[in-house]
Amino acid sequence: MNAVAAASVEIHEVPKTREPVVVSAQDLTRRYGAGDTAVDALRGVSLDVAQGELVAVMGPSGSGKSTLMHILAGLDQPTEGEVVIDGKDITKLKDSELTRLRRKHIGFIFQFFNLLPMLTAEENVVLPLSTAGTKPDREWVDKVIGDVGLSDRRKHRPAELSGGQQQRVAIARAMVSRPTVMFADEPTGNLDSRTSGEILELLRNSVESYGQTTVMVTHDPYAAAIADRILFLGDGLIVCDMSGDEPKAVIAAMDELSHN
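Residues numbered from 1 in each chain as written. Predicted model: local features only at pLDDT ≥ 70, side-chain atom pairs only at ≥ 80, totals over all residues. Heavy atoms only, no water.

Asks: Got a minute to help me understand the packing of aromatic side chains in this structure?
Replies: Each pair of aromatic rings is reported with the distance of its centres and the angle of its planes. For the structure on display, the rule yields three aromatic pairs. Through a chain of ring-to-ring contacts, three or more aromatic side chains come together here, namely Phe108, Phe110 and Phe183. A cation sits over an aromatic face here: Arg178 above Trp140, 4.2 Å from the ring centre. (Phe/Tyr/Trp six-rings, centres within 6.5 Å; stacked < 30°, edge-to-face > 60°. Lys NZ or Arg CZ within 6 Å of the ring centre and 35° of its normal.)

Asks: Is there a simple way to think about helix H6 (residues 138-147) in this case?
Replies: Given 3.6 residues per turn, any residue in an α-helix points the same way as the ones three and four places further on. By the burial criterion, the buried members of H6 are Trp140, Val141, Val144 and Ile145. For H6, the arc enclosing every buried residue in end-on projection is 130°, short of the 170-degree limit, so these residues lie on one face. Looking at the buried positions of H6, the neighbouring elements they touch are helix H4 (121-125), helix H7 (163-175) and helix H8 (193-210). A distance of 3.1 Å separates the backbone nitrogen of Glu139 from a side-chain oxygen at the start of H6, and that oxygen is part of Asp137. One or two residues past the end of H6 sits Gly149, with phi positive at roughly 80°. (Buried < 20%, exposed > 50% of the residue type's maximum accessible area, 1.4 Å probe, protein only. Helix = DSSP H or I, 4+ residues; strand = E, 2+ residues; numbered from the N terminus. Arc of directions from axis to C-beta. Contact = heavy atoms within 4.5 Å. Polar contact = N/O pair within 3.5 Å; in protein donor to acceptor, adjacent residues only side chain to side chain.)

Asks: Where do I start with the packing of H7 against H8 in this structure?
Replies: When two helices pack together, their arrangement is given by the angle between the helix axes and by the axis-to-axis distance. Packing of H7 against H8 leaves a shortest axis separation of 10 Å and a crossing angle of 20°. With respect to each other, H7 and H8 are oriented roughly parallel. Where H7 crosses over H8, the handedness of that crossing is right-handed. Each of Gly164, Gln167, Arg168, Ile171 and Met175 in H7 lies in contact with H8, whose residues at this interface are Thr195, Glu198, Ile199, Leu202, Leu203, Ser206 and Tyr210. Here the residues of the contact of H7 with H8 sort into six nonpolar, four polar and two charged. (Axes fitted to C-alpha atoms, helices over the stretch in contact; angles between N-to-C directions. Parallel < 35°, antiparallel > 145°, perpendicular 65-115°, else oblique. Left-handed = near helix turned anticlockwise from the far one by under 90°. Nonpolar A, V, L, I, M, F, W, Y, C, P; charged D, E, K, R; others polar.)

Asks: Help me understand the environment of Glu198, please; the structure alone is not making it clear to me.
Replies: Among the secondary structure elements, Glu198 is positioned in helix H8. By relative accessible area, Glu198 is classed as partly exposed at 27%. Through-space distance from the C-alpha of Glu198 to that of Arg168 is 9.4 Å; in sequence the pair is 30 residues apart. Among the polar contacts listed, one links the side chain of Glu198 to the side chain of Arg168, at a separation of 3.1 Å.

Asks: Please clarify how the sheet that holds strand E7 (residues 181-185) should be interpreted in this entry.
Replies: Strand pairing in a sheet takes place through backbone hydrogen bonds and is either antiparallel or parallel in direction. Ordered by their spatial adjacency, six strands build an open sheet running E6-E7-E8-E3-E9-E10, and the pairing between neighbours is mixed. Two strands close off the open sheet at either side, each with one partner strand: strand E6 (106-109) and strand E10 (237-243). Neighbour-to-neighbour, the strand axes of the sheet open up by a mean angle of 20°, direction not taken into account. The sheet contact formed by strand E9 (residues 229-234) and E10 spans six bridges and is antiparallel. Counterpart to Phe232 in the pairing with E10 is Cys240. Helix H3 (residues 95-105) contacts E6 and E7 of the sheet and is inclined by roughly 75° relative to E6. On the sheet, H8 packs against strand E3 (54-58), E6, E7 and strand E8 (214-217) and is oriented at approximately 155° with respect to E8. (Pairing = 2+ DSSP bridges.)

These figures come from the coordinates and say nothing about function on their own.
Pasting the structure below:
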């Protein structure tokens with residue numbers, strides 16, 4: 001936390017956790033371009049995420065939050081720095097090794113669902129297992145589909161589902177492989193407020209019921225308020241690390257940071 005943030009925002013200190021760290025990033029930088037046109041999206045970001053923790057990442061447009069998530073999830077490479085998941089520095093893995101690690105250890109929820117239109121809801125859910133050549137655990141698949149409220153929609157294709165139902169499919173798809181960490185990129189950004197609340201409840205329940213470690217990028221203070229920790233990014237740096245709080249406190253923190 002920098003001095004400016006500490007001086008102007010009432011910070012609720014994050015207690016030290018004894019839970020094992022499952023995602024660790026050290027000194028991440030990401031530069032796009034070169035010379036006078038170079039853009040530094042990340043300028044030295046370090047963080048640890050503990051097992052069973054829900055961490056929200058917030059910040060204004062251009063702060064580096066989406067870049068950070070993509071690097072943590074192995075979808076992009078940092079210019080410098082390392083990301084460790086399951087004891088492995090994923091930045092040093094070959095493409096085939098990284099693909100195998102992502103299939104086993106990483107679940108991803110996209111803002112725009114990214115479902116395959118020709119598959120049913122259930123087929124979309126088990127797709128990560130099918131791709132990995134893993135036989136689905138029917139009891140677990142049924143439980144996940146039931147937990148997201150889609151037991152009566154499992155044979156429907158995406159075009160036959162509402163936006164909220166499609167996002168429920170995406171959450172179940174991310175959870176079905178029991179990943180080490182689940183990443184959610186603006187999971188409520190394309191939904192109305194009522195449906196957003198239902199999706200946030202599902203995400204929080206996955207943490208409470210299954211200990212599902214989750215990192216969520218969001219611009220919505222109501223979404224961030226369900227997190228155990230909230231990281232605020234500004235100009236490619238973590239400028240504030242606070243414990244989860246009421247939406248009004250998150251809004252106040254964002255407002256203060258935007259004026260510094």
